[in-house]
Amino acid sequence: MNRRSTARLIALAAASGIAMAALSGCSAGGGEEGGETAMTFWHNSTTGDGKAYWEATAAAFEEEHPGVTIEIQAIQNEDMDGKLQTALNSGDAPDIFMARGGGKLAAVVEAGQAQDLSSALSDETKAALGEGALSAFSVDDKLYGVPSSVLPGGIYYSKDLFAQAGITETPTTFDELGEAVDKLKAAGIDPIALGAKDAWPAAHWYYFFALRECGQDVITGLTDDPSFSDECWLRAGEDLEEFAGIEPFNPGFLTTTAQQGAGSSAGLVANHKAAMELMGAWDPGVIASLTPDEKPLADLGWFPFPEVEGGDGEGGALMGGVDGFSCYVDAPKECGEFLEFASQKEYQEGYANAFVTLPANKDAQGVVTDPALQEVLAAVNEAPYVSVWLDTLLGQNVGNALNVGVVDLLAGKGSPQGIVDAVDDAIKKG
């Protein structure tokens, strides 16, 4: 992992003499006393280079803005949504908080809890981030968040384990993926790591089957008509049920976490205990943090989710997320200024290196050297379209119902029709 940018930022923070605090409390709307402005900032990088990056970037902003302090709280990713929703509902929300666009952000905006950032970014910054990334945070033609990374999903794999199993080409169809699963099992290798305990990683498999089975108009139409009435949604569940029947996942996948420790799904790939994982573009960074030497996995590769024969989905289409940050409705103006500051090429390059991921700022993407991420970036540039994750698109309540329905199917307690019914029931409940 290239840590030079992060190290330089940390040195800058140290030189400024500013002590960064990782505080557990927050004060909605920041605070101003005697010309001083204090802001609270929640993010989801609890260890390592990612946590250090945000501390250093906040310190650099403080140095350029005398009288401003940023109090940071790092929260485990799987806990973020619940804690943030509780804080927003209580009126004691952080000034700067993680956002992923789609229906989840739209609900926060509708509740009057997010600040309009349309004028917070310069025209130059908006151009560097691009309309595609910014559109994920736009509601009714207003900007309510600023993207930090683009995170399309796909299958990460160990080239060494593929070679060990005699697999010479990455699968492009599900017949080929099934053959790869068989070869890996024959070689005594768990084919696919899955952290189903966290629900959303398991649901990714359904999302991608739906991307291959459903046409673009059906996927994008969920924004205006959140319904699973098209039969492609049922076919996606049937595809997943059939694929799960060949037992491609690691033993105990239902109780395996996604990103926490060597026994997580990312940890299994990091330590060559499993050959593949379906995940977003943050995965190389997570895997790197879980290798024995905490360095990027040298043999990590990537390939897009295979095509499904007879599906209505457009070939090469991708699904993923755009991570970013929003400001609480009562946050001081310095919140928007911080997001503008962190979006600049210098800091986005540091972000890409610290997290081993794809930065949202296109001018900073030249620092991406990880081979797997370069493959992802090439696929993004060739994709006919990129959808956001289905649970993000549908919003928190409906998205959670979808994710639980998928886990129930994989656990033998549900069915393809059960997934469709769970979503439709959640939509009716509002």
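Here's the deal with the side chain of Thr256
- Turning to its location among the elements, Thr256 is positioned in the loop between helix 10 (231-244) and helix 11 (265-270).
- Accessibility expressed as a relative area gives 8% for Thr256, which makes it buried.
- Not counting residues up to four positions away in its chain, the partners in contact with Thr256 are Leu194, Gly195, Ala196, Lys197, Asp198, Asn250, Gly263, Ser264 and Ser265.

Topic: the confidence of the model for the protein
- With 92% of its residues at a pLDDT of 70 or more, the protein has an overall mean of 90.
- Between residues 1-28, whose pLDDT stays under 50, and residues either more than four places distant or in other chains, the model counts 62 contacts.

Here we look at unusual backbone geometry
- The phi dihedral of Glu247 falls on the positive side, at around 55°, and the residue is not glycine.
- By secondary structure assignment, the location of Glu247 is in the loop between helix 10 and helix 11.
- We note that Glu294 has phi near 55°; this positive angle belongs to a residue other than glycine.
- You can see Glu294 is positioned in the loop between helix 12 (283-290) and strand 11 (300-303).

Considerations on the state of the cysteines
- All chains considered together, the criterion is met by 2 disulfides.
- Here Cys214 engages in a disulfide with Cys232; their sulfurs sit 2.0 Å apart. In this structure, the disulfide formed by Cys214 and Cys232 twists by about 100° around the S-S bond and is classed as right-handed. In this pair, Cys214 is assigned in the loop between helix 8 (200-213) and helix 9 (216-220) and Cys232 in helix 10, connecting sequence segments 18 residues apart.
- Overall, Cys214 belongs to the buried group, its relative accessible area being 0%.
- Since its relative accessible area comes to 0%, Cys232 is described here as buried.
- Each disulfide pairs two cysteine sulfurs, and for Cys327 the partner residue is Cys335, the sulfurs being separated by 2.0 Å. Given an S-S torsion of about -100°, the disulfide between Cys327 and Cys335 has left-handed geometry.
- Numbered by order of appearance in the sequence, the disulfide-linked cysteines of the protein pair as 1-2, 3-4.

Describing the packing of helix 8 against helix 10
- With their axes 8 Å apart at the nearest point, helix 8 and helix 10 run at an angle of 125° to one another. In terms of orientation, helix 8 lies oblique with respect to helix 10. Seen along the crossing, helix 8 lies across helix 10 with a hand that is right-handed. Facing Trp205, Tyr206, Phe209, Ala210 and Glu213 of helix 8, the residues of helix 10 in contact are Cys232, Trp233, Arg235, Ala236, Gly237, Asp239, Leu240 and Phe243.
- Its residues assigned to classes, the contact of helix 8 with helix 10 comprises 9 nonpolar, 1 polar and 3 charged.

Focus on the environment of Ala364
- Within the fold, Ala364 resides in the loop between helix 14 (345-355) and helix 15 (371-382).
- Those residues within four positions of Ala364 in sequence are excluded, and the remaining contacts are Lys345, Gln348, Glu349 and Pro359.

Structural notes on the pairing of strand 10 (residues 274-279)
- Along strand 10, 6 of the 6 residues are buried, which leaves the element largely enclosed by surrounding structure.
- Bridging between strand 8 (residues 154-158) and strand 10 involves 4 bridges; their strand directions are antiparallel. Within the sheet, the bridge partner assigned to Tyr157 lies in strand 10 and is Met276.

Calculation rules
- Residues numbered from 1 in each chain as written.
- Predicted model: local features only at pLDDT ≥ 70, side-chain atom pairs only at ≥ 80, totals over all residues.
- Heavy atoms only, no water.
- Helix = DSSP H or I, 4+ residues; strand = E, 2+ residues; numbered from the N terminus.
- Buried < 20%, exposed > 50% of the residue type's maximum accessible area, 1.4 Å probe, protein only.
- Contact = heavy atoms within 4.5 Å.
- pLDDT = per-residue confidence, 0-100.
- Disulfide = S-S within 2.5 Å.
- Axes fitted to C-alpha atoms, helices over the stretch in contact; angles between N-to-C directions.
- Parallel < 35°, antiparallel > 145°, perpendicular 65-115°, else oblique.
- Left-handed = near helix turned anticlockwise from the far one by under 90°.
- Nonpolar A, V, L, I, M, F, W, Y, C, P; charged D, E, K, R; others polar.
- Pairing = 2+ DSSP bridges.

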